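These are the residues of each chain, in order.
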Amino acid sequence: MKHIYLAFILMTTLVFSQNMPARTSKKVVFIIVDGISYDQLQTAKTPHLDRIAKEGSFTEAYVGGIAEDYRNTPTISAVGYNSLLTGTWANKHNVYGNGIKKPNYSYPTIFRLYKDQHPNGSIAVFSSWLDNRTKLVGDGLPETKYLKVNEHYDGMEHDSINFPHDKQRNFMKMIDMHVALKASEVIENKGPDVSWVYLEFTDDMGHAFGDSPRFNAAVTFEDGLIGRIYNAVQKRQQTHNEDWLFVVTTDHGRRASDGKHHGGQTARERSTWIAINKKETNTYFKKQIPAIVDIYPTMLQHLSLTPSKAVLRELDGVSLLRPVDAIQLSATKKANKLEIRWKALQSGKANLYLTTTNHFNQSKTDTYIKIGEVDLSKEYFKTSVKRRPSNFYKVVLETPNTTLNYWITK
Ligand SMILES: [Zn+2]
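Residues numbered from 1 in each chain as written. Predicted model: local features only at pLDDT ≥ 70, side-chain atom pairs only at ≥ 80, totals over all residues. Heavy atoms only, no water.

Caption draft 1: Main features of the coordination of the zinc ion. The protein atoms that coordinate the zinc ion are Asp34 (OD), Asp34 (OD), Ser77 (OG), Asp251 (OD) and His252 (NE2), at distances spanning 1.9 to 2.7 Å. Summarised as a motif, the one-chain spacing of the donors to the zinc ion is D-x42-S-x173-D-H. Exposure remark for Asp251: the relative accessible area of 1% places this residue in the buried category. (Donors = N, O, S within 2.8 Å, 3.2 Å for Na, K, Ca; no water. Buried < 20%, exposed > 50% of the residue type's maximum accessible area, 1.4 Å probe, protein only.)

Caption draft 2: Molecular detail of the pairing of strand β12 (residues 380–384). Residues Phe381 and Thr383 point to one face of β12 and are all buried, whereas Tyr380, Lys382 and Ser384, pointing to the other face, are not buried. Looking at chain direction, strand β9 (residues 337–344) and β12 are connected through five bridges and run antiparallel. Bridging across to β12, Lys337 finds its partner in Ser384. (Helix = DSSP H or I, 4+ residues; strand = E, 2+ residues; numbered from the N terminus. Pairing = 2+ DSSP bridges.)

Caption draft 3: Just the packing of aromatic side chains, in detail. The full count for this structure, using the stated rule, is 14 aromatic pairs. Note on Phe30 and Trp196: the rings are 6.0 Å apart at their centroids and 20° apart in plane angle, and the pair reads as stacked. With Phe30 in strand β1 (residues 25–33) and Trp196 in strand β5 (residues 194–199), the pair connects residues that are 166 residues apart, well separated along the chain. Classification of Phe30 as buried rests on a relative accessible area of 1%. The exposure class assigned to Trp196 is buried, which follows from its relative accessible area of 0%. Note on Phe392 and Trp407: the rings are 5.5 Å apart at their centroids and 70° apart in plane angle, and the pair reads as edge-to-face. (Phe/Tyr/Trp six-rings, centres within 6.5 Å; stacked < 30°, edge-to-face > 60°.)

Caption draft 4: Structural context of helix α9 (residues 201–209). Within α9 the residues assigned to the buried category are Phe201, Thr202, Asp203, Asp204, Met205 and Gly206. Where α9 ends, the next residue or the one after it, Gly210, has phi of about 60°, a positive value.

Caption draft 5: Highlighting the side chain of Lys92. Here Lys92 lies in helix α5 (residues 90–93). You can call Lys92 buried: its relative accessible area is 1%. A polar atom in the side chain of Lys92 sits 2.8 Å from the side chain of Asp316. Setting aside residues up to four positions removed in sequence, Lys92 forms contacts with Asn104, Tyr107, Glu314, Asp316, Asn405 and Trp407. (Polar contact = N/O pair within 3.5 Å; in protein donor to acceptor, adjacent residues only side chain to side chain. Contact = heavy atoms within 4.5 Å.)

Caption draft 6: Spatial organisation of helix α6 (residues 110–117). Buried residues dominate α6, accounting for six of its eight residues. Buried residues along α6 sit in contact with β1, α4 (77–86), β3 (123–127), α7 (131–137), β5 and α13 (295–302).

Caption draft 7: Local environment of the nonpolar core. Within the largest apolar cluster, 75 residues are counted, with the highest numbers of intra-cluster contacts made by Phe30, Phe111, Trp196 and Trp342. Residue contributions to this core reach at least three from each of two domains, namely domain 1 (25–312) and domain 2 (326–409). Non-local contacts of Phe30, meaning those with residues more than four positions away in its chain, are made with Leu84, Leu85, Ile110, Phe111, Val194, Ser195, Trp196, Val197, Val247 and Met299. Core analysis: the second largest hydrophobic core is formed by 38 residues, Val29, Met172, Val219 and Ala275 among them. (Core = buried A, V, L, I, M, F, W, Y, C linked by side-chain atoms within 4.5 Å. Domains from an automatic or database assignment.)

Caption draft 8: Highlighting the sheet that holds strand β14 (residues 403–409). Spatial strand order, β11-β10-β13-β14: four strands in an open sheet with antiparallel pairing. Only two strands of the sheet have a single neighbouring strand rather than two, namely β11 (369–375) and β14. In this sheet, adjacent strand axes meet at a mean angle of 20° when their direction is disregarded. Across five bridges, strand β10 (residues 349–355) lies against strand β13 (residues 392–398) in antiparallel orientation. Across the sheet, residue Asn351 finds its bridge partner in β13, namely Glu398. (Axes fitted to C-alpha atoms, helices over the stretch in contact; angles between N-to-C directions.)

Caption draft 9: Expanded view of the pairing of β9. In terms of strand pairing, strand β8 (residues 326–334) meets β9 through seven bridges, oriented antiparallel. For Ile327, the partnering residue across the bridge sits in β9 and is Lys343. Between β8 and β9, which follow one another and run antiparallel, lie two residues, and Ala335 among them has a positive phi close to 55°.

The following block contains the structure:
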């Protein structure tokens with residue numbers, strides 16, 4: 001009888017545990033290491049990034065928006081970070097320089113979106129530049145509804161006692177080291193849900209020495225710090241029921257002639273890269289050159305966040321993990337006709353929507369009308385807007401997996 005009873009308990013436990021698997025916590029850490037073009041990364045020794053690429057995936061990538069239209073985004077540091085943080089180009093997030101004068105907080109950062117859906121979740125910023133948290137993420141600002149960054153370690157660049165500012169900028173190397181070690185420690189011990197680590201030293205060496213052994217040595221130094229953080233994530237995954245998305249990227253490339261400066265739209269200034277700890281990247285990641293704005297939708301999917309349709313309709317990137325149905329939506333207006341084009345990556349149906357307002361950028365609502373249902377494979381749609389005269393149109397293409405948008409501006 002006792003045996004039967006035990007067998008019964010065992011069976012019910014088995015059935016119960018099969019039906020109710022312990023939930024894996026999904027977490028994200030992204031690292032921006034400043035100002036290393038794709039070709040420069042290839043030149044330097046980076047054993048840790050090589051290891052991450054081997055265990056996960058690696059791709060060439062770009063920043064700078066679409067150079068020839070309204071999405072032109074300067075290849076400047078804070079501009080690039082905010083493209084990652086908001087999943088949009090500068091025409092939306094409105095950071096055009098390192099002064100970070102007037103970010104448009106209507107486009108929510110990944111931190112805002114996470115906290116909106118997980119008020120008790122924890123977010124973290126480890127950074128060699130204070131403004132990243134206080135201005136871009138907007139810690140404690142009324143414009144971000146007093147978003148609270150739970151863990152932060154930054155501002156050392158303002159501490160000239162512990163980090164005396166030397167001409168060679170070795171203090172910045174020390175700051176990066178402190179930032180990375182703190183990030184590793186907090187990730188290993190507390191495992192925040194969404195973390196940003198920012199490392200600056202490479203950009204300083206780029207500006208000072210350009211393409212040089214000094215620059216390569218700085219890249220190798222940062223690679224060692226990236227390795228420390230990656231190890232912390234791996235330890236976390238071994239000891240906790242957690243699935244981490246680990247992304248490393250850079251905010252811009254460097255000038256072609258000598259690798260010193262940046263800010264323009266040349267191929268090398270726009271040239272970046274993305275390393276990710278997941279093998280299962282999608283066809284888009286493998287066959288196209290992704291952009292910095294694609295990291296945001298990738299994080300959304302990993303974290304199972306479900307933003308509003310209005311937010312999805314503003315994102316300028318697509319996921320690097322799940323299937324992508326279409327990319328490169330564009331439209332032109334000639335006389336009273338809208339001609340809409342896209343590139344299909346899969347077959348299927350899509351819906352097209354149109355609005356003549358841009359209220360979203362003042363945190364208000366746009367009203368869209370459906371203008372057509374199309375076969376993705378046609379890659380073309382034409383419609384009349386005679387009855388909707390306007391100097392501004394926002395076109396949206398929605399498929400089962402992908403939402404794209406495009407502005408027509410005067
Ligand atoms: Zn930079």
